[in-house]
Amino acid sequence: VGLDCFRSRHDDLKEMLDSNKDSLKLEAMKRIVAMMARGKNASDLFPAVVKNVACKNIEVKKLVYVYLVRYAEEQQDLALLSISTFQRGLKVGLIRASALRVLSSIRVTIIIPIMMLAIKDAASDMSPYVRKTAAHAIPKLYSLDPEQKEPLIEVIEKLLADKTTLVAGSVVMAFEGVCPERIDLIHKNYRKLCNLLIDVEEWGQVVIINMLTRYARTQFLNPNANEVLLEEGEEKEFYGSDEEEGKEEKVEKKKPYVMDPDHRLLLRNTKPLLQSRNAAVVMAVAQLYFHLAPKAEVGVTAKALVRLLRSHSEVQFVVLQNVATMSIKRKGMFETYLKSFYIRSTDPTQIKVLKLEVLTNLATETSISIILREFQTYIKSMDKDFVAATIQAIGRCATNIGEVRDTCLNGLVQLLSNRDELVVAESVVVIKKLLQMQPEQHSDIIKHMAKLIENIQVPMARASILWLIGEYCEHVPKIAPDVLRKMAKSFTSEEDIVKLQILNLAAKLYLTNSKQTKLLTQYVLNLAKYDQNYDIRDRARFIRQLIVPTDKGGALSKYAKKLFLALKPAPILESPFKDRDHFQLGSLSHLLNVKAGGYQELPDWPETAPDPSVRNVEVMDVPEWTKSSSREKRKEKKKVEKPFYSDSEDESRLTESADSDSNTGSGSESSSATEESDSGSKSEDSGGESESEQQEKPNRKADKSSRNGLELLKLFWHSRVLFVCILPCSAQTISPTFSSLKTYELLHRLTGEGLAVGYCFGRQPFVRDPHMVTVQIQFTNHMDTEARNLRVREPRLQSGMRIKEFPEIEVLPPGETVTTVMGIDFCDSTQAANFQLCTHTRKFCVSIQPPVGELMAPVFMLENEFKKEQGELQPLWSHVVERSVGLNHCPPSVPFSRKPLNKEVGLRC
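Residues numbered from 1 in each chain as written. Predicted model: local features only at pLDDT ≥ 70, side-chain atom pairs only at ≥ 80, totals over all residues. Heavy atoms only, no water.

Novice: Which parts of the structure should I look at to understand the layout of surface pockets?
Specialist: A probe matching the size of a water molecule, rolled over the atoms, marks out where space remains unfilled. Here the largest pocket is characterised by a volume of approximately 710 Å³. Looking at the largest pocket, it is lined by 26 residues, and the ones nearest its centre are Val 206, Asn 210, Gly 586, Ser 587 and Leu 588. If one sorts the elements of the lining of the largest pocket by residue count, helix H18 (residues 279-292) sits on top with 5 residues. Residue composition of the lining of the largest pocket, by class: 14 nonpolar, 10 polar and 2 charged. (1 Å grid on protein atoms, 1.4 Å probe; cavity = no way out; pocket = protein on both sides within 12 Å on 5 of 7 lines; lining within 4 Å. Points joined across faces, edges and corners; volume = space filled by probe spheres on them. Helix = DSSP H or I, 4+ residues; strand = E, 2+ residues; numbered from the N terminus. Nonpolar A, V, L, I, M, F, W, Y, C, P; charged D, E, K, R; others polar.)

Listed below in structure tokens is the structure:
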């Protein structure tokens, strides 16, 4: 019955997909996509779904594309029938990306040229989402046909220059999959990627950070190189050769390290990402700092990594793997967070073991007592694997810190009386390793362990005890033969590892105490001669020929004692994470400690820094109306060099205002009352005239500029918006330059379908109507075709507002820019002027809203002239003062006052 229902549901879906109603098709596709999301197989519906790829309903088509992305590779023949539909979809506005995604999912070599053309077109698309999809399709095409590598690299190079954060992560992923060795493609985009990193999506941030880590290892010097050389110098022996002394002198003469600014840029821009909510991003930044940052700066990542320990157990496992590696090389990073690695009873076993590893790595002379008390608690746990790992950690602490070796050894000996056999067995294994360091001082422990041989059944523990007795049989001459006697009785029932140690014990006792053990040794060798394991038979044959004298006599017989009783070095208990740092942290290879497929080795630091100029980006050509003159650059330098604190707050405001609104040097030098500054400002206004010409016409210039100032003053009488500055020099009118004007966006190129329009306020009266504000309009054609008949139509203005349209622009070629001027009377308000911007095919509704500052006219005049004009404007000033006094709740008798600023008087309305 269940199977029939399942079939009927599929039949219903097929009927709904064959229906003429879009609503039924949409409902069917929603149910199919829901089935896919639950993991159910919907491949048998492919013929019914693929028929609807040409449906005109956009919602249905989107869901069809989602289905095809999943099953197109399985049903390639049927999917190929719809190739023409996918190609048409590449030109439809809303589904271009979906069509490209489906096309790249059909892994058939026949359509490789079509895919290549589609990717190239999508890489130039105006939508960043389509360009992102093109970047995703590049690795798919490369895996299908590696011979397309060169044209794909050209597309990658083009997409790398994209300034959109949506594209950055995807194109870097394509770069890593296709041509990771082409670091020359990154040079010009390195700084852009560093600056965009904070705004890229989390998935893209991880990809970019990993790529930049490898890039930095090839382009910058090792910031810790000097410290490595110093450490090598400290490890040098007291008596060294002359060559070593010469090397040491070279180390001392080595130049101090200076970090490359681009290296610092990468570290500075990735640091804020340590606060990311995504654990992968935090881990990526941590590995970048570990591999690239100076030793003193790596510690900033510790707090972020400790924060990740509050995440899910899977995240904790990966983070602790990396912390365990980092804590070996950078032990001081996590010392302050020691308690964060204490083990909770709810932690899984693998997390407990990793935390033990970190605690052991962080153990120092000061913290070992705290850590050992913590370990004593862990030994009582019911988790046997965890207890075994704790005993091993105690052994490592005893090995690394000699001061607590005896304490740890005594504690482990006490564990030998534990009821749990596994605890006793693990303790025996660890004690055996510790006793090898000082066997003479611990013969009592060896005797105690020999007594446990009958009770312990764990093969590894029994083998360890037998090895200890055989190795140090001279310290226990009475106990060793008796142990061999007991083990000979149970030889046939022992595990292979124990049998091998019984043979070794017999051989050592035969060489040191042959009188008591000669017969026992021969008995054991005879038993081993017929053992089922060939390793044991071979070992018995080898030992017999080596230690038992024969008539033929072996050449090695006289060296038997040296072979069996040679002094053996004490084992070094090292962390299993010690040598993992040659893998890049956070990678799968580091996690598995095996080089995984697709892993890229972390490059070695270069000995000499490559040329940093390869990362310099050429400045693009700036339109003429945005360029600044060299004179303005000099004035900007003067403003930068000015002291932070000026003599008066108002003075700095006036000076900065004059600098930003004028093209002359008088504003920046207005605070000076000397004749030299006066002549200097005039010389800059002369616009390139010689000094002799300026000296011949000073009076005429002053009269002319004064007259211009008075005309502007009268011009803006009606608008009641004025900014007057009184100078002790001759009156001059400010002539604003376009470089100091702020530009605004009127029409974005995406909205304008390739036509971008910007505007700025000219800060001068309109030529054809002095009551209007000059607005400069700049058109840029980003399309491949010409833009025709650019004009203004249907202005919708507030009452009293007027507009003077710019002359119609008949043709604007592709890639060209043109600037025109229009006038707008805003009628003393900041209301927006709304109108339509028309081309030969489209109409775009736009609006221009003026900031208050753009309705002001700056004027400079002499103080005497200002007083004269002030008298003429008395009714206006009294009106303004009454309003301001009323707002400040002051009595109406307060007179209008002026504040002198070093012979300047400032007034702002």
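Novice: Would you mind going over the environment of Ile 543 with me for this structure?
Specialist: By secondary structure assignment, the location of Ile 543 is in helix H31 (residues 534-547). Judged by relative accessible area, which is 1%, Ile 543 ranks as buried. Not counting chain neighbours up to four residues away, the residues in contact with Ile 543 comprise Leu 503, Asn 504, Ala 507, Leu 525, Val 548 and Phe 564. (Buried < 20%, exposed > 50% of the residue type's maximum accessible area, 1.4 Å probe, protein only. Contact = heavy atoms within 4.5 Å.)

Novice: Help me out: how do you make sense of the packing of helix H2 (residues 22-37) against helix H4 (residues 58-71) in this one?
Specialist: Packed helices, taken two at a time, are described by their axes: the angle between them and the distance between them. For the pair H2 and H4, interaxial distance at closest approach is 9 Å and the crossing angle is 30°. Taken together, the axes of H2 and H4 are roughly parallel relative to one another. Crossing of H2 against H4: the hand is left-handed. Residues Asp 22, Lys 25, Leu 26, Met 29, Lys 30, Ile 32, Val 33 and Met 36 of H2 touch H4, and the partners they reach there are Glu 59, Val 60, Leu 63, Val 64, Val 66, Tyr 67, Arg 70 and Tyr 71. Here the residues of the contact of H2 with H4 are counted per class, giving 11 nonpolar, no polar and 5 charged. (Axes fitted to C-alpha atoms, helices over the stretch in contact; angles between N-to-C directions. Parallel < 35°, antiparallel > 145°, perpendicular 65-115°, else oblique. Left-handed = near helix turned anticlockwise from the far one by under 90°.)

Novice: Would you explain the pattern of salt bridges in this entry?
Specialist: Charged atoms that come close allow side chains of opposite charge to pair. Following the criterion strictly, the structure yields 28 salt bridges and no others. A salt bridge links Asp 262 to Arg 191, with the nearest nitrogen and oxygen atoms 2.9 Å apart. Of this pair, Asp 262 sits in helix H17 (residues 261-270) while Arg 191 sits in helix H13 (residues 190-196), placing them 71 residues apart in sequence. The class of Asp 262 is buried, set by a relative accessible area of 5%. (Salt bridge = Lys/Arg side-chain N within 4 Å of Asp/Glu carboxyl O.)

Novice: Help me out: how do you make sense of the packing of helix H25 (residues 421-435) against helix H27 (residues 459-471) in this one?
Specialist: Viewed as axis vectors pointing N to C, H25 and H27 meet at an angle of 30°, and their least axial separation amounts to 8 Å. Here H25 is positioned roughly parallel relative to H27, judged by the angle of their axes. The element H25 and its partner H27 pack so that their crossing is left-handed. Two secondary-structure elements touch here, H25 through Ala 425, Val 428, Val 429, Lys 432 and Leu 435 and H27 through Met 460, Ala 461, Ser 464, Ile 465, Trp 467 and Leu 468. Along the lines of polarity and charge, the residues of the contact of H25 with H27 split into 9 nonpolar, 1 polar and 1 charged.

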